[in-house]
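Tertiary structure, described
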Amino acid sequence: MTQHGETNPKSEERIGVYVCHCGTNIAGVVDVQGVAEWAASQLEHRGVVIGRDYKFMCSSLGQELIEKDIKELGLTRVVVAACSPHLHEATFRTACKNAGLNPYLCELVSIREQVSWVHTDKAMATAKSKAMISGGVERVIRHAPLEPLRVPIHPDTMVVGGGIAGIQSALEIADAGYHVYLVEREPSIGGHMAQFDKTFPTLDCSACILTPKMVQVGTHPNITMLTWSEVEKVDGFVGNFTVTVRKKARKIIEELCTGCGICQEKCPKKVIDDVYEAGLGYRKAVYTPFPQAVPKYPVMDVPNCTYFEKGTCKACEKFCPTNAIDFKQQDEILTLQVGAIVLATGYDLFDARRVTNYGYGRLPNVFTSLEFERLSNAAGPTNGNIVLRDGKTTPKSVGIVHCVGSRDRNFNNYCSVICCMQGLKFAHLVHERTGAIVYNFYIDMRTAYKAYDEFYQRVLEEGTLFVRGKVAEITDVARRPDEDGHLIVQVEDTLASKQRRIPVDMVILSTGLQPRYDAKETAKRFGLSCSADGWFIEKHPKLDPISTMTEGIYIAGCVQGPKDIPSSVAQGAAAAARVLGKIQQREISIEPVRASVNQDQCSGCRICNNLCPYNAISFVEDRAVSQVNAALCQGCGTCVAACPAGAISGTAFSNAQILAQIEGLMMLNLEEPVTA
């Protein structure tokens, strides 16, 4: 590596530089042909023997061009100036490998994301592209041939989350003949779908289509169900994860319980059910969440149990015919070995109390979407009768407000996907059950998928009145005699270009979806990242929405972002397919870009141990030095930057490579070498 002001020794490498037009993505801002010609002439003394441009370098013809040059020109290094390495690094490495060149002697320079997409001045963008290619050439000269690491794959899989996405994923893997641990924090699998009455657009009974899948999970020989359980710790790496699960005490001996329900029947303590019944109904202190729950075993609500409060009662124990009640039962800690993990932990509903001008929690007859689901459900607290909070009055007029908490810069800026169709479904159910006048207050109607818009047309034909405009306020303060005793929806009707006050008996808030309250904590536990909104980040939003940046951990369903039931099922199946692909390989290759410790320089300060986000660094007590587990390391470079002794180096990211790249970026390598 030369210092500023010195001349560069002539490189002995034979380097090919390939610049991609990417259609007009790059060529529209960068003089691509000029950049390729410049690289061939101005970097010749650095080993560049060919500079080419091509419209789509990632195409089969573009790859064949590189392969041909490697063979015919004897190239020893390749620099491709195109799009992000995340997108096509594997593509160009494969091309090099096919031509007999070590794939790690290829360097990608991102002149799409880092140049053409962020500049409008063509001269400036072209100059920057030249500088970046210059840096890439200096860096690739110092590349060393590497070989990927091979690791075996444990055939067992863990699926975290027992909603419809997790259920689908678990069944797909189990049906293929491999064992699955399904971990669910609630007493039963089923997730939010178990709470719904009907599903749009076909109006299938939610329980009718979900329950058979739940039963399949409960009886499948390849699935171990761990409900009322939570993941506490994840160690290891792709193919060999060690997961610590806390199986919470049900206070029920599952081997003895028959699910007869006598304990629930005899329990004298009633508790408001804030989870399954959304606060509209009651359950006992020992309970199963709903009649079709899987598993069938109840769970004891310790904080609300009279025995744990006062030391008396024990009615459940007295009446249990199989002696399955165990008040002394303790949590169990399980340590499980799995090769891959699917995260399907779902979503939370937006808290409608945050939109104070809509009056939820203050005005009795303002309901959330989940409360209405339970009202309209035949197994719900009102046996499917749609009534007001008094439990008996049928509404004669109902207002349904879309996008509550969604598409709102004060709360969540994104669309929650399901709200429009959910609001249309509610309108149909109100018409069907009550004959009431129904108003749908919407911002934009989004009915994009198969049979969705036809459902919208059906609801229009049923007589639903649509008002386009964002609701400003819901109040019970009457201004006119016809408003007395009603809720008044204040809204700007943007189609009629006027403000309207519409009196109704009931308001249903179509609340949006948001990440689970502990999403960031969960992401940290599994070594993942969250977006600014809190959804788990996928490897690529279009081409790889299932994988994450942590190899071997996949995401499915609403943990990635808002989606409806069909999309969640599809993603659950896709995650399972990805897992099965790994299992059937028996072993996989992983990136050799890893950190390593020079133990002669290590002072044993342990700074790196605490900073590593992948827990890949351990301290060897007898030698008082740190060492890196190459299989756990993801090559992020945190430890390399933090080591005060400079004892840690990163494969393919050495100081020499980085400093050489900086010199190239500054164009300090353009001077011809001094010859004798």
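All figures in this text were calculated on a predicted structure; none of them were measured in a lab.

Examining the overall build of the chain
Each helix and strand counted, the chain has 18 helices and 34 strands in total. Projected onto its principal axes, the C-alpha coordinates of the chain cover approximately 100 × 70 × 45 Å. For the chain, buried positions account for 53% of its 676 residues. Considering only intrachain contacts with a sequence separation of at least 6, the fraction spanning at least 24 residues in the chain is 70%. One way to put it: in the chain the 70 positive side-chain charges average out to a point 4 Å from where the 74 negative ones average out.

With respect to helix H5 (residues 122–141)
The α-helix advances 3.6 residues per turn, and as a result positions three or four apart in sequence lie on the same side. The end-to-end C-alpha separation of H5 is 29 Å, in line with the 28 Å expected for 20 residues at 1.5 Å each. Here H5 lies mainly inside the structure; 14 of its 20 residues are buried. Residue Asp121 occupies the N-cap position of H5, its side-chain oxygen lying 3.0 Å from the main-chain nitrogen of Ala123.

Considerations on the side chain of Glu371
One can find Glu371 in helix H11 (residues 369–376). Of note is the side chain of Glu371, whose polar atom sits 2.9 Å from the backbone nitrogen of Thr368. If we ignore the near neighbours within four places in the chain, the residues touching Glu371 are Ala278, Leu280, Tyr360, Val366 and Arg389.

Description of the domain arrangement of the chain
Interfaces are often described in size by the accessible area the parts lose on coming together. Assigned domains of the chain: these are domain 1 (15–148 + 655–665), domain 2 (157–248 + 331–346 + 516–590), domain 3 (251–330), domain 4 (348–512) and domain 5 (595–650). The straight-line distance from the C-alpha centre of domain 3 to that of domain 4 is 36 Å. Approximately 580 Å² of surface area, both sides summed, lies buried where domain 3 meets domain 4, with 63% of it carried by carbon and sulfur atoms. For the domain 3 face of the interface with domain 4, the top three residues by lost area are Glu277, Ala278 and Leu280, together amounting to 74%. A salt bridge links Arg374 to Glu277; the shortest N-O distance between them is 2.9 Å. Across the contact surface, domain 3 and domain 4 share one residue pair in polar contact (both at pLDDT 80 or more). Partitioned by chemical class, the residues of the side of domain 3 that touches domain 4 number three nonpolar, one polar and one charged.

Side note on the side chain of Thr382
Within the fold, Thr382 resides in the loop between H11 and strand S21 (397–404). According to the relative accessible area criterion, Thr382 is buried, its value standing at 17%. Of the polar contacts made by the side chain of Thr382, one reaches the backbone oxygen of Leu375; its length is 3.1 Å. A distance of 2.7 Å separates a polar side-chain atom of Thr382 from the backbone oxygen of Asn385. Sequence-distant contacts of Thr382, defined by excluding residues within four places in its chain, comprise Leu375 and Val387.

Here's the deal with the environment of Val342
Its location among the elements puts Val342 in strand S18 (residues 340–343). With a relative accessible area of 0%, Val342 lands in the buried category. Sequence spacing of Val342 and Ala170 is 172 residues, and the spatial spacing of their C-alpha atoms is 8.9 Å.

Here's the deal with a nonpolar patch on the surface
Together, Phe653, Ile658, Leu659, Ile662, Leu665 and Met666 make up a nonpolar patch on the protein surface, roughly 530 Å² of accessible area in all. Counting through the fold element by element, Phe653 comes out in the loop between strand S34 (648–650) and helix H18 (655–665).

Looking at the sheet that holds S18
Taken in spatial order, the five strands of this open sheet run S10-S7-S6-S18-S29, and their pairing is parallel. Since the sheet does not close on itself, it has two edges, and those belong to strand S10 (223–226) and strand S29 (553–555), each with one partner. Strand-to-strand, the axes of this sheet are offset by a mean angle of 20°, without reference to chain direction. Against the sheet, helix H15 (residues 565–585) touches strand S6 (157–160), S18 and S29, its axis set at about 160° to S29.

Quick word on the environment of Ala207
Along the polypeptide, Ala207 turns up in helix H7 (residues 206–219). Considered as a pair, Ala207 and Ser188 are 19 residues apart in the sequence and their alpha carbons are 14 Å apart. For Ala207, the residues in contact, after removing those within four places along its chain, are Pro212 and Gln292.

Calculation notes
- Residues numbered from 1 in each chain as written.
- Predicted model: local features only at pLDDT ≥ 70, side-chain atom pairs only at ≥ 80, totals over all residues.
- Heavy atoms only, no water.
- Helix = DSSP H or I, 4+ residues; strand = E, 2+ residues; numbered from the N terminus.
- Buried < 20%, exposed > 50% of the residue type's maximum accessible area, 1.4 Å probe, protein only.
- Contact = heavy atoms within 4.5 Å.
- Lys, Arg positive; Asp, Glu negative; His and termini not counted.
- Charge placed at Lys NZ, Arg CZ, Asp CG, Glu CD.
- Expected span 1.5 Å × (residues − 1).
- Polar contact = N/O pair within 3.5 Å; in protein donor to acceptor, adjacent residues only side chain to side chain.
- Domains from an automatic or database assignment.
- Buried area = accessible area lost by both parts, 1.4 Å probe.
- Salt bridge = Lys/Arg side-chain N within 4 Å of Asp/Glu carboxyl O.
- Nonpolar A, V, L, I, M, F, W, Y, C, P; charged D, E, K, R; others polar.
- Patch = residues over 30% accessible without salt bridge, like charges linked within 9 Å, V, L, I, M, F, W, Y side chains within 5 Å.
- Areas by Shrake-Rupley, 256 points an atom, 1.4 Å probe, with all protein chains shown as cover.
- Pairing = 2+ DSSP bridges.
- Axes fitted to C-alpha atoms, helices over the stretch in contact; angles between N-to-C directions.

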